[in-house]
Amino acid sequence: MSAPSGGPPPGTSPEPAPGPAPTPSLAASPKAVVKTIEVSVDAEHAFRVWTERIDLWWPKVGHSVGGQVETRMAFEGTEGGRFVERTPDGREIEWGVILVWEPPSRLVHSWELGTDEQGSAEVEITFVEIDAGRTRVTVEHRAASMAPELWKKLAKDFSKGWEDVLRAFQAYED
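Fair warning: this is a prediction, and the values are worked out from it, not measured in the lab. (Residues numbered from 1 in each chain as written. Predicted model: local features only at pLDDT ≥ 70, side-chain atom pairs only at ≥ 80, totals over all residues. Heavy atoms only, no water.)

1. Overview of the packing of aromatic side chains
Quick note on the threshold: Side-chain rings of Phe, Tyr and Trp (the six-membered ring for Trp) are treated as a pair once their centres are within 6.5 Å; stacked means planes under 30 degrees apart, edge-to-face means over 60, and tilted covers the remaining angles. For the purposes of this entry, the term helix denotes a DSSP run of H or I that reaches at least four residues, the term strand denotes a run of E that reaches at least two, and both are numbered from the N terminus. Residue exposure (1.4 Å probe, protein chains only): buried if accessible area is under 20% of the type maximum, exposed if over 50%, otherwise partly exposed.
In total, this model carries 16 aromatic pairs according to the counting rule given. Aromatic side chains Phe47 and Phe127 sit 5.3 Å apart centroid to centroid with 75 degrees between the ring planes, which places their arrangement in the edge-to-face category. Placement of the pair is Phe47 in helix α1 (residues 43–52) and Phe127 in strand β7 (residues 121–131), with a sequence separation of 80 residues. When the ring of Trp58 is compared with that of Trp162, the centres are 6.0 Å apart and the planes differ by 90 degrees; the resulting orientation is edge-to-face. Of the two residues, Trp58 is situated in the loop between α2 (54–57) and β3 (72–75) and Trp162 in helix α3 (residues 148–171); the sequence distance between them amounts to 104 residues. In terms of burial, Trp58 and Trp162 fall into one category: buried.

This is the structure we're talking about:
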C-alpha cells in the first residue's frame, strides 16, 4: 500500500504485486499461522483501508466463496458485527464475527470458513506504526478450539491464502 492516490476502479481486484512475500513470524506455533508486512501509511489509514475498503483490494478470485470480481466483501465495524461476503447471485456468506474492534490498532474476528463442528478458528490483525508513515500489519490465524487434525489439514492453505491477501493489501493504492 502506498500513499493515497486513487486506487483501482470499483469492481476490479488488483493482482498481487510481485515482490517479497509476507514473512512468517518466529513466534508462529503449530496452532497459528502468522504473516507480517509493512505498508507506507500510518496505522490509522491502514486500519481504515483494511476494514472500510476491503471490497476494493481483497483478491476475490481465488479467495472468496463466490470466486468472482463482482463478489462484495465487508466488515460491520463493531464488536459483534460480521465479516461477510455477498455473491453476485445474492447469497450472503458469513466469514466470521468481530470479537475485538480496537481502531486503529487491532481487529479480531472468528473464522468460520472451512471449519465445522470440529472447533473454531480466529484471526487477529494488528497495525503497529513503526515510524512516521510506516505500519507493520500482522495477521495471526489461530486454531482456537479447532481439532488438531483439522488445523493441520488447513494451516498450509491458510498460510498461502494470507500471503496472497497481504500482497493484495500491500499493492492497493487508495
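2. Some thoughts on the confidence of the model for the chain
Definition in use: The pLDDT value tells you how sure the predictor is about a given residue, anywhere from 0 up to 100. Contacts were defined at the residue level, with two residues in contact if any of their heavy atoms lie within 4.5 Å.
With 80% of its residues at a pLDDT of 70 or more, the chain has an overall mean of 84. Every residue in residues 2–20 is under pLDDT 50, and counting partners more than four places away or in other chains gives 41 contacts. Every residue in residues 23–28 is under pLDDT 50, and counting partners more than four places away or in other chains gives seven contacts.

3. Side note on the pattern of salt bridges
Side chains carrying opposite charge are able to pair once their charged atoms draw close together. Convention followed: What counts as a salt bridge is simple: a side-chain nitrogen of Lys or Arg found within 4 Å of a carboxyl oxygen of Asp or Glu.
With the rule as written, the count across this model stands at 18 salt bridges. A salt bridge links Lys35 to Glu163; the shortest N-O distance between them is 2.7 Å. Placement of Lys35 in strand β2 (residues 32–39) and of Glu163 in helix α3 is noted, with a sequence separation of 128 residues between them. For the residue pair Lys35 and Glu163, the accessibility class agrees, reading buried in each case.

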